[in-house]
Amino acid sequence: MAEKEKKLDLLSFIIPPKHRPGTDLMSKTILKDKKVINLIVSVLVGNYAINNYIPQDGEWLDGKRADVLLVPAINVSESMPPVLIEIQNTVDNAYIHRLNKYCNYVYDKYNNFEPIAFTICIKNIQEEICSIFSDTHKASYLKELPSHFWAKEHLIMTPATIANYIHSNENDDGDSDTDGDSDGNTNSTNNNVNDNDNVNDSTNTNTSNTNTSNSNTNTSNTNSHSLPPLVALGYVLMEQKCSLFGLQYKEDPTVILLYKIAKEALEHQIQNHEATVDTLLEVATETQKQFKRIIEVVNGGEPNLKKIRSLASSGVLYTETGLHKYQWESCDDSDAMPTTIVPQKDDIKYAREFKEEYLKTHKRMNWKACYDKGLNEGYFSKYKSHITLKSTFNKINK
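Residues numbered from 1 in each chain as written. Predicted model: local features only at pLDDT ≥ 70, side-chain atom pairs only at ≥ 80, totals over all residues. Heavy atoms only, no water.

### Quick notes on the nonpolar core
At step 1: Formed by 53 residues in total, the largest nonpolar core has its most connected members in Ile40, Phe118, Tyr141, Leu142, Leu230 and Leu233.
At step 2: With 21 residues, the next largest nonpolar core counts Val71, Tyr102, Val106 and Cys121 among its residues. (Core = buried A, V, L, I, M, F, W, Y, C linked by side-chain atoms within 4.5 Å. Buried < 20%, exposed > 50% of the residue type's maximum accessible area, 1.4 Å probe, protein only.)

### Section: helix 2 (residues 24-31)
At step 1: Where burial is concerned, most of helix 2 is hidden: six out of the eight residues are buried.
At step 2: Of all the residues in helix 2, the buried ones are Met26, Ser27, Lys28, Thr29, Ile30 and Leu31. (Helix = DSSP H or I, 4+ residues; strand = E, 2+ residues; numbered from the N terminus.)

### With respect to unusual backbone geometry
At step 1: If you check the backbone angles, Asn112 has positive phi at about 65° while not being a glycine.
At step 2: Within the secondary structure, Asn112 is located in the loop between helix 4 (93-109) and strand 4 (116-125).
At step 3: Here Gln240, not a glycine, exhibits a phi torsion of approximately 55°, which is positive.
At step 4: With respect to the secondary-structure elements, Gln240 resides in the loop between helix 8 (229-239) and helix 9 (253-267).
At step 5: Exposure remark for Gln240: the relative accessible area of 13% places this residue in the buried category.

### Concerning the confidence of the model for the protein chain
At step 1: Of all residues in the protein chain, 72% attain a pLDDT of 70 or more, and the chain-wide mean is 77.
At step 2: Per-residue pLDDT stays below 50 along residues 328-345; that stretch engages in 45 contacts with residues further than four places along the chain or on separate chains. (pLDDT = per-residue confidence, 0-100. Contact = heavy atoms within 4.5 Å.)

Written out as structure tokens, the structure reads:
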């Protein structure tokens, strides 16, 4: 596809409202992309962190789950701490307490190294919290909140902190999509546009602050300068537009990158995830109906055991079919969403032949030996262990 066609294709691409940037699933998918990880850690940790961080599982035993947890690919250290990212519509006291708990979990898991906490506030922030903001040397579009004894630092980005970079000019013709999201703190003049804020990224090519006046004559609201990459990330998540075309900064290279990531995610990861969820919901619904039928028979007077047994057997068969097709495998920590085990006939056939041969000379089947031998011969790649293999085999061969 020609470059112009790709551009037009991206501009015409519409994200379903439930998956627009800033919503849970899409935001996590964007933040786990390698390019986005690099633009985040280059600012929060340093340029030496580029290509050295990967996403990890942020779920703990009590069921609590962080949005995104980034850790060094090799070893956590004082200079390469974990980075905990939270996207929050409203930042208030309850959220700060929850973030504190998440950071303590990370501290315990990663050898007592305090993480850097990074909050991207999409909409509102409690006034009392704003009052204790302090500046940080890392970037003028970030603020720091106290985090003594639970985080190395807590950095936050809000609509107000990036307002100077967005050029929300009051004299625009009304097409700008940034007005009203800065809690009344948006300045009409950008005094800091030349500050690169330690982001040595090729996408940050802003060399002049003359765009403030020029933007008034730009009828398409397309700005000629580039936003700092981390500002562009915040801008996209805060605007929550379903289309790149609806953004004032639709020509910004980082903004374009983020919508490309969203487009690819919708075409692959998210659609596959939703298809599986829909199937599991269907299984749960049908199982519920089957239980209700059994209850109806029981409440219908004298119990008909034959009828009850028949309904129960049908329910067992139906749920076993669902388990067989959608049994979850522990997903890799870097995956945006879980993968599923789809039993391969060759795998099951191999296991069956191994079992038949093995039982000729042994009294009991050795599933670990079968699993290890099969792995060496190119089988069982979709099974986490010999226990998973045995369970699936037994269900298929009942």
